[in-house]
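# Working through the structure, step by step
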Amino acid sequence: MPKSNTCYLCSECGYESAKWYGKCPSCGEWNTMSQFTPVKEQKRGILTGASEKSIFEVSLDENSRIKTSFAELDRVLGGGIVLGGVVLIGGEPGVGKSTLLLQVAENVCANEDKAVLYVSGEESVGQIKMRASRVGVKSKKLLVLNETEVSLIIQKIEELSPCLVVIDSIQTLYDSAINGAAGAVSQVKECAAKLTKIAKMSSIPIFLIGHVTKEGSIAGPRILEHMVDTVLYFEGENLNSYRVIRAVKNRFGSTNEISVFEMGINGISEVSNFGGLFIAEREINVPGSAVFCAMEGTRPVLMEIQALVSKTAFNIPRRMTSGVDFNRTSLILAVLEKKAGIKLYDQDVYVNVAGGIKLNDPSADLAIAAAIVSAYRNKALNDCVIAGEIGLTGQIRTVARADRRAEESKRFGFKKLILPKGNAFLNTDMDMVFVKNIWEALVAMFPRDKEA
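Residues numbered from 1 in each chain as written. Predicted model: local features only at pLDDT ≥ 70, side-chain atom pairs only at ≥ 80, totals over all residues. Heavy atoms only, no water.

Right, let's get into the state of the cysteines. A covalent bond between the sulfur atoms of two cysteines is what we call a disulfide. For the structure shown, the criterion picks out 0 disulfides. Considering cysteine sulfurs only, Cys 24 is the nearest to Cys 27, which forms no disulfide, with 3.7 Å between them. With a relative accessible area of 34%, Cys 27 lands in the partly exposed category. With no disulfide of its own, Cys 384 lies 13 Å from the sulfur of Cys 293, the closest cysteine sulfur. Residue classification places Cys 384 among the buried positions, given a relative accessible area of 2%. (Disulfide = S-S within 2.5 Å. Buried < 20%, exposed > 50% of the residue type's maximum accessible area, 1.4 Å probe, protein only.)

This paragraph deals with the sheet that holds strand β1 (residues 7-10). Pairing is antiparallel in the open sheet, where 3 strands are placed in the order β2-β1-β3. The open sheet terminates on both sides in strands that have one partner only, identified here as β2 (16-17) and β3 (33-36). Here β1 runs beside β3; their pairing, made up of 4 bridges, is antiparallel. Residue pairing in the sheet places Cys 10 in a bridge with Met 33 of β3. (Pairing = 2+ DSSP bridges. Helix = DSSP H or I, 4+ residues; strand = E, 2+ residues; numbered from the N terminus.)

In this section: unusual backbone geometry. The linkage connecting Asp 168 with the following residue, Ser 169, adopts the cis geometry, with an omega of 5 degrees. Looking at the element boundaries, Ser 169 is found in the loop between β9 (164-168) and α5 (185-202). Its identity as a non-glycine residue notwithstanding, Ser 69 has a phi of 70 degrees, on the positive side. Secondary-structure assignment places Ser 69 in the loop between β4 (65-66) and α1 (71-77). Here Ser 69 falls in the partly exposed class, since its relative accessible area comes to 42%. The phi dihedral of Ser 161 is positive, around 50 degrees, even though this residue is not glycine.

Further remarks concern the pattern of salt bridges. By the definition in use, this model includes 16 salt bridges. With a shortest N-O distance of 3.8 Å, Lys 189 and Glu 16 are connected by a salt bridge. One end of the pair, Lys 189, is in helix α5; the other, Glu 16, is in strand β2, with 173 residues separating them in the sequence. A relative accessible area of 43% places Glu 16 in the partly exposed class. One salt bridge in this structure joins Asp 383 and Arg 282, with 3.7 Å as the shortest N-O distance. Note that Asp 383 is positioned in the loop between α8 (365-377) and β19 (384-386) and Arg 282 in the loop between β14 (267-270) and β15 (289-296), a separation of 101 residues in sequence. A relative accessible area of 14% means that Arg 282 is categorised as buried. When salt bridges that share partners are traced, they join Lys 200, Asp 229 and Arg 251 into one network. (Salt bridge = Lys/Arg side-chain N within 4 Å of Asp/Glu carboxyl O.)

Structure, rendered in structure tokens:
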């Protein structure tokens, strides 16, 4: 009998199999395997007929980046938009992805004096015009296309040769040669591959807007993030006017930078000096609040970490976090119980980072612990800034860039800084307290508390 070409594809992770499984062997999800017929694989070289050359013969144009007129966005991108680069930007619905890129397209038109193609598969050209009128887009070289067939989009790109292309969104595109509806794993992967190929061949940068799942990751196969050059996440709450763009992958710059924007009636505007933005509404002498100075790339940012501790009404206490890693917080609670004698086994603990920002810096451990103990004992912390990584032995480990953190804390009026013993070399006129372990840290934070 002739060999069957039918395969099964997981809609969650893209795993392919010759037979059907109830549970995907790769990601472990149930009932995600769907049947499809793969097309014959075509040659997909990025540069057709390209020949090898010495690395010393490759020319590097220093002016090969396009400025967006948003200094904060250029910083996250590594200095601007790289020619031929593919940028994937994801975020929750309504966070402002389309609005931001529409304004970026307007700025690029003005800076480069060339056409920019904005492709929308979700909105009509009339709806895009309404948003453009609201944010003040007036450039005649901003071209709008309402299309979802990827081959027709590529045909338009080759015909117009724009200096920038925006795809809104990648999940709405489809390839007629591929089985499956738009948004399926096979469709997203194939459409992204074809757009990446045209971007590299023509040196036209492309922005891809991506939907996110309920877990917060970009929808579609994980390989999508590997195919593109840069992955940006648009963070923020719809009820909050501030938005944060964070790079999680960048082949042309650092992944440690963030940028802050403010959503207004007339569109999105950048916030260039946001060092104390997230502590502007912090109340003084309130239990459960601690200030931490995070390093976001090359810039220090003051954050307020809040904690609420209350007697549990259940057999198993609740633990909830927002903006900090849940498992990391669980480790901190275990260290507090074992090494500092803080009994939290019968307490509900809630931890939050004010402003909706997410913290990945391990030196926030000590500030999290300070906020929890402050809420537990109902005692406000002194007006100080706290930084330090907590080890499982209770040791407070050295933090990086302590000098920059101290300068930023002093600039916003803080006079006391609690740091690990390993940072004792720091020379500043602030009131410095260096601690070796969690016990010494609690004594420094609550000097009148005999229980430490």
